[in-house]
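Summary of structural features
The lines below spell out each chain.
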Amino acid sequence: MSDQIKSIVEKLNKEPFKKNYNLITFDSLESIQLLQLLNDVLGEIDPKHVVDIREEMPEQTAKRMLSLLGILKYKPPGSITDLCIPTQERLSLSHVDTIGFKSPNLMEAFKNLHKECEQLKTSGFSTAEIRRDIIAMEEEKDQLIKRVERLKKRVETVQNHQRMLEIARQLRVEKEREESLAQQKQEQKNQLFHAEQRLQRVQLQLKDMQHAVVDSKPESLMKRLEEEIKFNSYLCSEKFPRELESKKQSLYFLQKVVSEPAMGQSDLNELETKVCCLKTQLASIISRKKEAKAEELQAAKEEMSNMERQMLQKANQARELDGTEVLKGDEFKRYVNKLRSKNTFYKKKRQEIAEITAEYGILQRTEELLKQRHEAIQQQLQAIEDKKGISGYSYTQEELERVSAAKSEMDEMKGRTLDNMSEMVKKLNAMVADKKSSLAPIIKELRQLRQNCQELTQECDEKKVQYDSCAAGLESNRSTLEQEVKGLREECIQEKSCYHHTNCMKKNLEIQLQRAKDEMKTYVSPDPQDRRKAIREQYTRMILEQENLGKKLREKQKAVRESHGPNMKQAKMWRDFEQLMECKRECFLKQQNQTSVGQVIQEGGEDRLVL
């Protein structure tokens, strides 16, 4: 069975599936994941089957898969009825009663477990990925331990390493302290910023209150009351009913979910039988493919052994022809290091050639510019000569000066060389005689050395060809290895980020789960004080408070509506009274300002003017 699973994993990791499974991750897959994997395999055969089975009804999934399997001429081992429970195995009446008593509790437990399972599925966690991350982290831990041991061994050879380690430790502590102080400074800055914002808000509130106190007139009070009435009427007539309707709708959906019947044991048994049939069929297909691949592997091994024999023969022939052996071990490493040094030297020289080429281009451009300037000056000079009527004067003068200078040099050289030539002829004749006598044996050796040089040149050319081919192969291997290392590093970085993301999601889910457990614990607690702390009770109290507030506001609105007419009438009377008093005040002021022409006496409701 392990060989079959291994063969399945190997096939799934190849084209066109590319699942990247191993034995541990494949064995840890759940039934729904295995069913999805089978659906993906069938999707490679027919693109119509590329669907998510979680979004499809189980009956449709089974019908679709069985139809395709029927097209592939798959024959199940038996009918569904053969897998049912035999009728002879009946339970006793008491056992049936106990099971019937336990079934509601078990159904509730199954619902809770099913909800938790769906939450975990939708949360993005996977045990296979976590196991793979744990294995990668353990390997990284082992590598880090080995690296630390190597560094410790390397540091132990250094003098005063304990003191240096202590200084490094102190430096790290100081850096951590500096980071913590910087963080505290940032936190204090944030607190100061929030405090300033709070102060600004309080100052604005104080100004608003002062303005409200200054503007506390009957009209402003009435306007403010009308605004409050409008706001409260909006809350009572629109906002609260809409929220209540949404709450009722969510409650209806929850009740509908609770009232739906759960999956029974018979449904689960049917699904298990279907999955078993599909597993057996998949195992048979994989076993056949495994046998075919085993034959291919055997043929490849035989071919590899033939190639090894041919390689040994070629190596022996090359040893017989060249008299040299294939480099191995340290010799090959030294040869590779030598090639690397030559490669660096070659790159350095190529860089120097590029610099010289660039400098040559600059000089060539400078020469062209100077020539252009010289031609321009010559043209200007020729134009001036034409204008003066002495064209060709400068050219003739330059030629005369050049000829006279050359003639003087030649005369001097003739005077010197004629005196020296006689002496040199004598010396040369003596030197030629001496050299002929001394070079006679060397010429004989030179002929032999020329023959050796030709042979070595041919051998050097052959070695150079071998070197070039080997260097090209090593360069290609190095580039492929660099690409692989780069890809592995990127994959490592991605895996680390995925691990940290998974860890953060896990912590968030643990916090949410703990909050849900605490809420359930407080809600079920017999202590009324603890029960009052539950979120549900708090929301219930808030709803009751809002309902009471709504009732009070409606009563207040009713009272305001009833007293609105008399209050408006009384306000109008107050305004009229205020106008009357203002008029009297103006009359009184006018009366005081006028010159007194008599005395007004009031008696019996009459005013008399006495002059």
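Conventions adopted
Residues numbered from 1 in each chain as written. Predicted model: local features only at pLDDT ≥ 70, side-chain atom pairs only at ≥ 80, totals over all residues. Heavy atoms only, no water. Helix = DSSP H or I, 4+ residues; strand = E, 2+ residues; numbered from the N terminus. Buried < 20%, exposed > 50% of the residue type's maximum accessible area, 1.4 Å probe, protein only. Contact = heavy atoms within 4.5 Å. Areas by Shrake-Rupley, 256 points an atom, 1.4 Å probe, with all protein chains shown as cover. Patch = residues over 30% accessible without salt bridge, like charges linked within 9 Å, V, L, I, M, F, W, Y side chains within 5 Å. Salt bridge = Lys/Arg side-chain N within 4 Å of Asp/Glu carboxyl O. Lys, Arg positive; Asp, Glu negative; His and termini not counted. Charge placed at Lys NZ, Arg CZ, Asp CG, Glu CD. UniProt positions renumbered as here; feature names shortened; annotations may be inferred. Axes fitted to C-alpha atoms, helices over the stretch in contact; angles between N-to-C directions. Parallel < 35°, antiparallel > 145°, perpendicular 65-115°, else oblique. Left-handed = near helix turned anticlockwise from the far one by under 90°. Nonpolar A, V, L, I, M, F, W, Y, C, P; charged D, E, K, R; others polar.

The next thing to look at is the overall build of the chain. A tally of helices and strands in the chain yields 13 helices and two strands. Looking at the 611 residues of the chain, the share that counts as buried comes to 8%. If you take every contact in the chain between residues at least 6 apart in sequence, the share linking residues at least 24 apart comes to 49%. As displayed, the chain offers around 53500 Å² of accessible surface, 58% of which is attributable to carbon and sulfur atoms.

Time to look at a positive patch on the surface. Together, Lys146, Arg147, Arg150 and Arg154 give the surface a local cluster of positive charge. Take Arg147: it is sitting in helix α6 (residues 127–156). When its relative accessible area of 52% is taken as the criterion, Arg147 is described as exposed.

Before going further, it helps to examine the UniProt feature "coiled-coil region" (unreviewed entry) in the chain. The feature "coiled-coil region" (unreviewed entry), as given by UniProt, occupies residues 127–212, 283–317, 346–387 and 439–519 in the numbering adopted here. Split by type, residues 283–317 is 100% helix and 0% strand. Its first and last C-alpha atoms lie 50 Å apart.

Together, Met222, Leu225 and Met568 make up a nonpolar patch on the protein surface, roughly 230 Å² of accessible area in all. Summarising the element assignment, Met222 is placed in helix α8 (residues 218–259). Its relative accessible area of 31% is what places Met222 among the partly exposed residues.

For the rest of this paragraph, the subject is the side chain of Ser7. Tracing the chain through its elements places Ser7 in helix α1 (residues 2–13). Setting aside anything within four residues of it in sequence, one finds Ser7 in contact with Ile286 and Lys290.

Once that is clear, we can look at a negative patch on the surface. The grouping of Glu174, Glu176, Glu178 and Glu179 at the surface amounts to a negative patch. Structurally, the position occupied by Glu176 is in helix α7 (residues 161–214). With relative accessibility at 48%, the residue Glu176 sits in the partly exposed group.

Here we come to the packing of helix α3 (residues 31–45) against helix α4 (residues 58–71). The relative placement of two packed helices is expressed as an angle between their axes plus a distance between the axes. Put simply, α3 and α4 touch, their axes get as near as 11 Å, and they point 45° apart. Classified by the angle between their axes, α3 and α4 sit oblique to one another. The hand of the α3/α4 crossing is left-handed. Along the contact surface, α3 presents Leu35, Leu38, Asn39 and Leu42, while α4 presents Arg64, Met65, Leu68 and Leu69. Residues that form the contact of α3 with α4 fall into these classes: six nonpolar, one polar and one charged.

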